[in-house]
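Below, each chain spelled out in residue letters.
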Amino acid sequence: MSELFGRNFILLILGQASSLFGNFILKLALSMYVLEATGSAAVFAGILSVAMVPTIILSPLGGILADRADKRKVMVALDALSGIFVLCAVLFLSAPISTQKALGVIGVLLVLLSILGAFETPTVQACIPSMLEGSQIIRGNSVVNQIASFSYLTAPMLGGVLYAAFGLKPVMYASVACFGITALFECFIRLDSQRIESKGGVFEIIRRDFSESMRFLCKEQPGILKILWMTAFSRFFVMGITLVGLPFLVRSVLGYDAKYYGAAESALAVATILGSIAAGLLTERLKTDKLFLALSLIGISIIPAGIGFLLPIGNGLRYAVNLFSFCAMQIAISVFSIFAVSLIQQRTPSHLVGKIMAYTSAVTLCAQPVGQMVYGFLFDRFADAVYLVFIPTGIIAGLVGLLSKRVFDEL
């Protein structure tokens, strides 16, 4: 174990910053290319949705690998492969090929990166408890979240500038460089590896590890399973409201242009960073038995957005009220997610943490598209009375948070 900003953790953070930046600029450039080639944003959205499937399906295998293999070597290999795959894709796209074949190359690339992501995410999350301990885990996850939010805030802007100035290929080469830098940083990480006895074939090992992790969740630590489901519930609610509701409100209900939506997206990214900072500051103050308050605030925060559409005020003030509500919700979900993930990591034995974090990632990934579909239907159905979406949802989510008090009291 080491101090929070020890050598290993700094290398991990620097690597994650480079990797996330490379991912974000790559996806932005690919989305712009597909939009220009096809004239449809839905095509890229469909490719991304299909590409998520391998991550969801293979995450449990990624957890098993994270627990059994040398985490440093796994991370180095995965980031090196990510760079190689992007490099191969850009070489294919450099040849004179049809638009249809170019879309095929992009689709294959995103699927391959999704497969690698299924193994990398649980490995990185399993590294944090190996480097930190106690309340440091919360602060460590807070820093990781801040890095991800800052990358999300800056990468699209810089990626857009690069794409506009130089086109797709230079951005892809920049992404290759980012993955290479990440792999280089990870080469210098030093972790204590533990040898887990492996008897039987691959399928027997997978079956045994899966059974052991399920027994741990369902019988030994059912509280962790409940936290996992609450985390998924919060993601279902927040992602549905944010990814579907925000653009719908700004463009269709309030009638503002893309600049206002871009400003709202930037404000949400800043709110996520503030939530991560708040989680770090609240490490000693927000005890486990009070965590239900953060979950309740996720729902309560969105109620004012609905009330704003009931009051006789102008669209400008409604935009401001909605932006405040969304940002408050984003801060609350950041605090809750960081504490919930840290709590899971702290309560899970080291030989199981990769698998348990993989389940957490898979369940939350499943919740996201379901939330988008549900809220897409709701906003379409109540387009002229969006308060009928916001207020009941906020009340239900707030009540679920209050009812979760018993769960956190038992932990």
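Residues numbered from 1 in each chain as written. Predicted model: local features only at pLDDT ≥ 70, side-chain atom pairs only at ≥ 80, totals over all residues. Heavy atoms only, no water.

## Focus: the packing of aromatic side chains
Throughout the structure, instances matching the rule amount to 10 aromatic pairs. Ring centres of Tyr256 and Tyr319 lie 5.7 Å apart, and the angle between their planes is 80°; this geometry places the pair in the edge-to-face category. With a gap of 63 residues between them, Tyr256 in the loop between helix H8 (222-253) and helix H9 (258-281) and Tyr319 in helix H12 (residues 315-347) connect regions that are remote in the sequence. Judged by relative accessible area, which is 13%, Tyr319 ranks as buried. Between the aromatic rings of Phe336 and Phe408, the centroid separation amounts to 6.4 Å while the plane-to-plane angle is 90°, which identifies the pairing as edge-to-face. Placement of the pair is Phe336 in helix H12 and Phe408 in helix H15 (residues 405-410), with a sequence separation of 72 residues. For the pair Phe336 and Phe408, a shared accessibility class is recorded, and that class is buried. Within the aromatic cluster, the residues linked to one another by ring pairs are Phe236, Phe248, Phe326, Tyr375, Phe379 and Phe390. Taking NZ or CZ as reference, Arg381 lies 5.0 Å from the ring centre of Phe382, over its face. (Phe/Tyr/Trp six-rings, centres within 6.5 Å; stacked < 30°, edge-to-face > 60°. Helix = DSSP H or I, 4+ residues; strand = E, 2+ residues; numbered from the N terminus. Buried < 20%, exposed > 50% of the residue type's maximum accessible area, 1.4 Å probe, protein only. Lys NZ or Arg CZ within 6 Å of the ring centre and 35° of its normal.)

## Let's talk about the environment of Arg72
Positionally, Arg72 belongs in helix H3 (residues 71-94). For Arg72, a relative accessible area of 21% puts it in the partly exposed group. Separated by 120 residues in the primary sequence, Arg72 and Asp192 place their C-alpha atoms 9.9 Å from one another. In this structure, Arg72 is in contact with Glu186, Cys187, Ile189, Arg190 and Leu191, ignoring residues within four places of it in sequence. Polar side-chain contacts of Arg72 include one of 3.4 Å to the backbone oxygen of Ile189. (Contact = heavy atoms within 4.5 Å. Polar contact = N/O pair within 3.5 Å; in protein donor to acceptor, adjacent residues only side chain to side chain.)

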